[in-house]
Amino acid sequence: MADVDTERPPGVRYAMSAGPADVGGRVVLRRRLPDGRLSDVLGYLQWWSGGVVAVRTRSGEIVEVAEASLVAAKRVPDPPTAR
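Calculation criteria
- Residues numbered from 1 in each chain as written.
- Predicted model: local features only at pLDDT ≥ 70, side-chain atom pairs only at ≥ 80, totals over all residues.
- Heavy atoms only, no water.
- Pairing = 2+ DSSP bridges.
- Helix = DSSP H or I, 4+ residues; strand = E, 2+ residues; numbered from the N terminus.
- Buried < 20%, exposed > 50% of the residue type's maximum accessible area, 1.4 Å probe, protein only.
- Contact = heavy atoms within 4.5 Å.
- Polar contact = N/O pair within 3.5 Å; in protein donor to acceptor, adjacent residues only side chain to side chain.
- Core = buried A, V, L, I, M, F, W, Y, C linked by side-chain atoms within 4.5 Å.

Q: Could you give me a rundown of the pairing of strand S2 (residues 38-49), with the residues and numbers involved?
A: As defined by bridge partners, strand S1 (residues 26-32) adjoins S2 across 7 bridges and the pair is classed as antiparallel. Its bridge partner being in S2, arginine 30 is matched across the sheet by aspartate 40. The antiparallel pairing of S1 with S2 creates a hairpin that spans 5 residues between the two strands, and glycine 36 there sits at a positive phi of about 95°. Across 5 bridges, S2 lies against strand S3 (residues 52-56) in antiparallel orientation.

Right, dumping it as structure tokens:
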């Protein structure tokens, strides 16, 4: 019997293409919650140091995420401007 990765569904790949160099840019972080579910945080990267990643969301809230809980992180484009 083949080993099965119980952390991810088959065929799912997560990328860590954002990092400390992206401070100031818009990012999406996927993190694993204590109960095992995944949750996304979208906003502007405020800092990434000391094992903590902080994102300012659209509402202005600063969300701190433990780096150890990150599953994926990537830079994303700015939102479209209103017409």
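Q: Mind laying out the side chain of serine 39, listing which residues take part and the relevant values?
A: Residue placement: serine 39 occurs in strand S2. Assessed through its relative accessible area of 18%, serine 39 is described here as buried. Sequence-distant contacts of serine 39, that is, excluding residues within four places in its chain, are made with Leu29, Arg30, Arg31 and Leu33.

Q: Please set out the environment of arginine 26 residue by residue, giving values where relevant.
A: Here arginine 26 shows up in strand S1. Note: C-alpha distance between arginine 26 and lysine 74 (48 residues apart in sequence) is 8.7 Å. Excluding residues within four positions of it along the chain, arginine 26 makes contact with Leu42, Gly43, Tyr44, Lys74, Arg75, Val76, Pro77, Asp78 and Pro79. Only 2.5 Å separates the side chain of arginine 26 from the backbone oxygen of proline 77, close enough to count as a polar contact.

Q: Tell me about the nonpolar core, residues and numbers included.
A: The biggest cluster of nonpolar side chains holds 12 residues, and these are Ala18, Val27, Leu29, Val41, Leu45, Trp48, Val53, Val55, Val63, Val65, Leu70 and Ala73. Elements that contribute at least two residues to this core include exactly S1, S2, S3, strand S4 (62-66) and strand S5 (70-75). At 3 residues, S2 tops the list of elements feeding residues into this core. Contact partners of valine 41, with chain neighbours within four places excluded, come to Val27, Val28, Leu29, Arg31, Val55, Thr57, Val63 and Val65.

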